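Descriptive analysis of the structure
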Amino acid sequence: MANEAYYTSEHYNQQRRLLINGDPRALICFCVDVSQSMDEWWIEKGGLRRNTGSGFSDGHNVNYFNLDDIRPGYAHYKKIDKLNETLCSLLNELKFDRELCRQVAVSIITYSRFASVRYDFLDCEVLDVQSCKCSVERAETAMGDGLRTALAQLDEMQNDLKNADNDYYTPILVFMTDGTPTDDPRTEFAKVRERVQNGELFLFPLGIGEGADMARLRDMFPVGKVPQSFSERYKMIMPEDYGTIFKEIKDHVKRKQSVMVSEGDSIQSAPVVEDININNNQMGESIMYKYLSGLA
């Protein structure tokens, strides 16, 4: 059947784990900008001897240089490499934490010209951390599509947990970008604000590099709920900034704030793909859930 073809083996195995392991889940969805500008370098001020030229790429001005022209002793990194390094470090800590590995489920969404599900929700104990690394794609930044896909992923997983009679903690969305959108994300920003306002979502909007538009990211929060020192605290420039904010995310997970119980109606969201042959789990119990319930 067409509906059965929609599910991957990882999705199937995760559904079985939901039935077997009844621990409440802490859901973390990482929504990562992989536009071409994420392939650029950050160099500590004063660390570059000279530029070899300049140009325009991915919506902003860029300078070109030779790696040999970076002065010894000055910090420097490629943005996508530093992001992957820090993300994998966090996931490894969660994976090898004896308590959290069974309770934290992670999904990774990437977006450039379009959004895609890089990694469907998996419990950290079975996560292949190295395969979670993100790669740079095209020279556009479709923030709206990325957010829409991330919210749909969270909704589907919460529905799966409810169908399996599992509880879950308030989900976490970690949204990362280094620039400005090339689409119009105002509708998706409004949906995020509503969920944050209603206590249905914890949000970490992270600006990567000096060109990140922190004023726009601040707009993802409702009035009165913007974190203190937001523009400084959530902007990652220096190498240590990455570790600091990801430690804050881990500490937040360990605190396990605000449990949402799996009772009442399932959360609904518009399917990312409009297709009558695809089960986007919009109507409660899915074919997959019914099948696995009979096996459990």
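Going by the structure above, here's the rest.
Below: a short report on this structure. (Residues numbered from 1 in each chain as written. Predicted model: local features only at pLDDT ≥ 70, side-chain atom pairs only at ≥ 80, totals over all residues. Heavy atoms only, no water.)

Digging into the overall build of the chain
- In terms of regular secondary structure, the chain is built from 9 helices and 12 strands.
- The buried share among the 296 residues of the chain stands at 49%.
- A fraction of 77% describes how many contacts in the chain between residues 6 or more apart in sequence connect residues 24 or more apart.
- For the chain, the accessible area works out to roughly 14200 Å², and carbon and sulfur atoms hold 47% of it. (Helix = DSSP H or I, 4+ residues; strand = E, 2+ residues; numbered from the N terminus. Buried < 20%, exposed > 50% of the residue type's maximum accessible area, 1.4 Å probe, protein only. Contact = heavy atoms within 4.5 Å. Areas by Shrake-Rupley, 256 points an atom, 1.4 Å probe, with all protein chains shown as cover.)

Things to note about unusual backbone geometry
- Positive phi, close to 60°, is recorded for Asp165, a residue that is not glycine.
- As for its placement among the helices and strands, Asp165 is situated in the loop between helix H4 (143-163) and strand E8 (168-169).
- Phi angles above zero are rare outside glycine, and Ser229 is one such case at about 50°.
- Counting through the fold element by element, Ser229 comes out in the loop between helix H6 (214-218) and helix H7 (230-233).

Overview of helix H5 (residues 186-197)
- In this model, H5 (12 residues) spans 16 Å end to end at C-alpha, consistent with the 16 Å of a helix rising 1.5 Å per residue.
- Within H5 the residues assigned to the buried category are Glu188, Phe189, Val192, Arg195 and Val196. Along the long axis of H5, the arc covered by the buried residues comes to 125°, so they all point the same way. Exposed residues on H5 whose side chains face more than 90 degrees from its buried face are Arg186, Thr187 and Glu194.
- Here the buried face of H5 lies against H4, strand E9 (172-177), strand E10 (202-208) and H6.
- With its phi angle positive at about 75°, Gly199 sits one or two positions after the end of H5. (Expected span 1.5 Å × (residues − 1). Arc of directions from axis to C-beta.)

Considerations on the environment of Leu206
- Position of Leu206 among the secondary structure elements: in strand E10.
- Relative accessible area serves as the criterion here: at 0%, Leu206 is assigned to the buried category.
- Expressed as a C-alpha distance, the spacing of Leu206 and Asp178, which sit 28 residues apart in the sequence, is 8.4 Å.
- With residues up to four places along the chain from it excluded, the contact list for Leu206 reads Val174, Phe175, Met176, Thr177, Leu217, Tyr234, Met236, Ile245 and Phe246.

Points about the nonpolar core
- In this structure, Phe30 and Phe246 are the most contacted members of the largest nonpolar core, which totals 72 residues.
- With residues near it in sequence (within four places) discarded, Phe30 still touches Leu87, Leu90, Leu91, Val106, Ser107, Ile108, Ile109, Val174, Met176 and Phe246. (Core = buried A, V, L, I, M, F, W, Y, C linked by side-chain atoms within 4.5 Å.)

Overview of the packing of H4 against H5
- Contact pair H4 / H5: the axes reach a minimum separation of 9 Å and the direction vectors enclose 40°. Viewed along their axes, H4 and H5 adopt a mutual orientation that is oblique. Across the interface between the two elements, Met143, Gly144, Leu147, Arg148, Leu151 and Asp155 of H4 pack against Glu188, Phe189, Lys191, Val192 and Arg195 of H5.
- Split by residue class, the contact of H4 with H5 holds 5 nonpolar, 1 polar and 5 charged. (Axes fitted to C-alpha atoms, helices over the stretch in contact; angles between N-to-C directions. Parallel < 35°, antiparallel > 145°, perpendicular 65-115°, else oblique. Nonpolar A, V, L, I, M, F, W, Y, C, P; charged D, E, K, R; others polar.)

A closer look at the sheet that holds E9
- One open sheet holds the 6 strands; their spatial order is E7-E6-E1-E9-E10-E11, and the pairing between them is mixed. The sheet is open, and its two borders are formed by strand E7 (115-123) and strand E11 (235-236), each paired with just one other strand.
- Sheet analysis places strand E1 (residues 26-33) next to E9, joined by 5 bridges and oriented parallel. Bridge pairing in E9 places Ile28 opposite Ile172. (Pairing = 2+ DSSP bridges.)

Thoughts on helix H2 (residues 9-20)
- Taking 1.5 Å of rise per residue, the 12 residues of H2 would be expected to cover 16 Å, and the 17 Å separating its terminal C-alpha atoms lies within 8% of that figure.
- Along H2, the residues classified as buried are His11, Gln14, Gln15, Arg17 and Leu18. Buried residues of H2 fall within an arc of 160° about the axis and therefore sit on the same side.

A few points about empty space enclosed by the protein
- In this structure the tally under the stated criterion is 3 cavities of 30 Å³ or more.
- By volume, the largest cavity amounts to about 70 Å³.
- Lining the largest cavity, in full, are His11, Gln14, Gln15, Asp120, Phe121, Gln153, Glu156, Met157 and Asp160.
- Broken down by secondary-structure element, the contributors of at least two residues to the lining of the largest cavity are H2, E7 and H4.
- In terms of residues, the lining of the largest cavity owes the most to one element, H4, which gives 4 residues.
- The residue inventory of the lining of the largest cavity, partitioned by class, reads 2 nonpolar, 4 polar and 3 charged. (1 Å grid on protein atoms, 1.4 Å probe; cavity = no way out; pocket = protein on both sides within 12 Å on 5 of 7 lines; lining within 4 Å. Points joined across faces, edges and corners; volume = space filled by probe spheres on them.)

Some thoughts on the pairing of E10
- The buried fraction of E10 amounts to 6 of the 7 residues, a majority that puts the element mostly inside the structure.
- By the bridge criterion, 6 bridges tie E9 to E10 in an arrangement that is parallel. Residue pairing in the sheet places Leu173 in a bridge with Leu203 of E10.
- Viewed along the sheet, the connection from E9 through H5 into E10 turns out right-handed.
- By the bridge criterion, 2 bridges tie E10 to E11 in an arrangement that is parallel. Among the inter-strand pairings, Ile208 is bridged to a residue of E11, identified as Met236. (Right-handed = clockwise from strand over helix to strand, strands pointing away.)

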